[in-house]
Amino acid sequence: MPTWLLPEKIADVLPSEARKIEELRRSFLDRFRVYGYEMVVPPMLEYLESLLTGAGKDMDLRTFKLVDQVSGRSMGIRADMTTQVARIDAHLLNRASVTRLCYAGSVLQTEPSGLHATREPFQIGAEIYGHAGLEADAEIQELVLSSLELIGMKAVRIDLCHVGVLKAILQLDPVAKRDEDILFTLLESKDVPELQAISANYEPVVRDALLALPSLYGDLSVIEKAAQILPRTTGIQNALNDLQYLGEIAGKEHVTVDLSDLRGYHYHSGVMFSVFVDGLPNAVARGGRYDQVGEAFGRARPATGFSLDLRELARLMPVAERKPAIRAPWGNDPALRSRIRELRDQGEIVIQVMPGHENEQDEFECKQSLVCSEGQWILQNVD
């Protein structure tokens, strides 16, 4: 096997793509900052008990595991950073007030999330802790939409769902409740024939509701339709009211509703959302409410947030233009070195040309050169 061969779905990030990812990272973090979000940097490795707390079976299967040679305990390489940030809020910061945190870094997953996805996403996200009201959900959704629009993403659409709808339906039938995991999978894939088969012995009102969920997809008018079709329980009505409120705040032109899009059902506790942009069939960002996670760290805190993969997003961005730079000769002249340092301090890119390599600035376009004229180093346009 060649020594340069990398594992499947693991790849190096070359200069042009790395530059796009870094520019996206800076744009997102700057955007988060003006909303009041503080950055944290969780570790790459944690003990499994902490890393997988509240993350669900799916995340367990996606986590690389190893044994700590110091303690002998099982450890995991993070496949997602959300639980880590919840641990920081609950156990380390331990604030009584609303806390806004953000993060950015690589994660490693045993399986890619999609056909063309990497197993080493560069995850960036933001979370609000300490407020159970819909105002926090609305802010998180506004933040992801505005961040994507800021970097030039067009036709950004947010797709809403709510854990409470399915949970309220299953409370009406203990037999259906026992099949919760299977029903979740079938609803997520909109497998109506299998739903019909498994629900044959359910209570009629529950069976009808489950079979209706895959078709409850579209604009905000779906919420009114769902209120007419689904059982009239308090849990369902509250969930639909939440969706109506958040959909109207986000702007009707940006919003769709899909009551069977239940990805993250076992992890989330309220509103869930997926964000789509032109050019990518899969959701570019996902998020929602997950109030129960902090409890495992000794402090239950309301929480909502979102995350996305910057490597995937970078592929949608146009090819980066070559950056303008200044070409300078290599030399030990103190005046030359002083002038180069002055230009770099001003934010200019100055590339000193190694002898014999005068035309090898692949990632940059040198439109000016430093030349010596009458003892002074001046800038001269390159023809």
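Computed from a predicted model, the values in this text were never measured in an experiment.

The rules we used
- Residues numbered from 1 in each chain as written.
- Predicted model: local features only at pLDDT ≥ 70, side-chain atom pairs only at ≥ 80, totals over all residues.
- Heavy atoms only, no water.
- Helix = DSSP H or I, 4+ residues; strand = E, 2+ residues; numbered from the N terminus.
- Contact = heavy atoms within 4.5 Å.
- Phe/Tyr/Trp six-rings, centres within 6.5 Å; stacked < 30°, edge-to-face > 60°.
- Buried < 20%, exposed > 50% of the residue type's maximum accessible area, 1.4 Å probe, protein only.
- Lys NZ or Arg CZ within 6 Å of the ring centre and 35° of its normal.
- Expected span 1.5 Å × (residues − 1).

Novice: Please set out the environment of Ser106 residue by residue, giving values where relevant.
Specialist: With respect to the helices and strands, Ser106 occurs in strand β5 (residues 99-106). Along the sequence, Ser106 and Val293 sit 187 residues apart, while their C-alpha atoms lie 22 Å from each other. Not counting chain neighbours up to four residues away, the residues in contact with Ser106 comprise Met44, Arg78, Glu120, Pro121 and Phe122.

Novice: I'd like a rundown of the packing of aromatic side chains, residues and numbers included.
Specialist: For the structure on display, the rule yields four aromatic pairs. An angle of 85° between the planes, with centres 5.9 Å apart, marks the rings of Phe32 and Phe306 as edge-to-face. Pair noted here: Phe32 is in helix α1 (residues 15-34) and Phe306 is in strand β12 (residues 303-309), with a separation of 274 residues, a long-range link. One exposure class covers both Phe32 and Phe306, and it is buried. These aromatic residues form a ring-pair network of at least three members: Phe28, Phe32, Tyr37 and Phe306. The side chain of Arg73 reaches across the aromatic face of Tyr47, ending 3.6 Å from its centre.

Novice: Quick rundown of the side chain of Ser147? Include the residues and the values.
Specialist: Checked against the element boundaries, Ser147 lands in helix α5 (residues 134-150). Relative accessible area serves as the criterion here: at 1%, Ser147 is assigned to the buried category. Setting aside residues up to four positions removed in sequence, Ser147 forms contacts with Phe28, Arg31 and Phe32.

Novice: Talk me through helix α4 (residues 82-93); I want residue IDs and the actual numbers.
Specialist: Given a rise of 1.5 Å per residue, 12 residues ought to cover 16 Å, and the 15 Å separating the end C-alpha atoms of α4 matches this to within 8%. Burial runs high along α4: nine of the 12 residues are buried. Buried within α4 we find Thr82, Thr83, Gln84, Val85, Ala86, Arg87, Ile88, Asp89 and Ala90. Those residues of α4 that are buried lie in contact with β2 (45-47), α2 (48-51), β5 and β6 (122-129). Phi for Asn94, located one or two positions after α4, is positive at around 55°.

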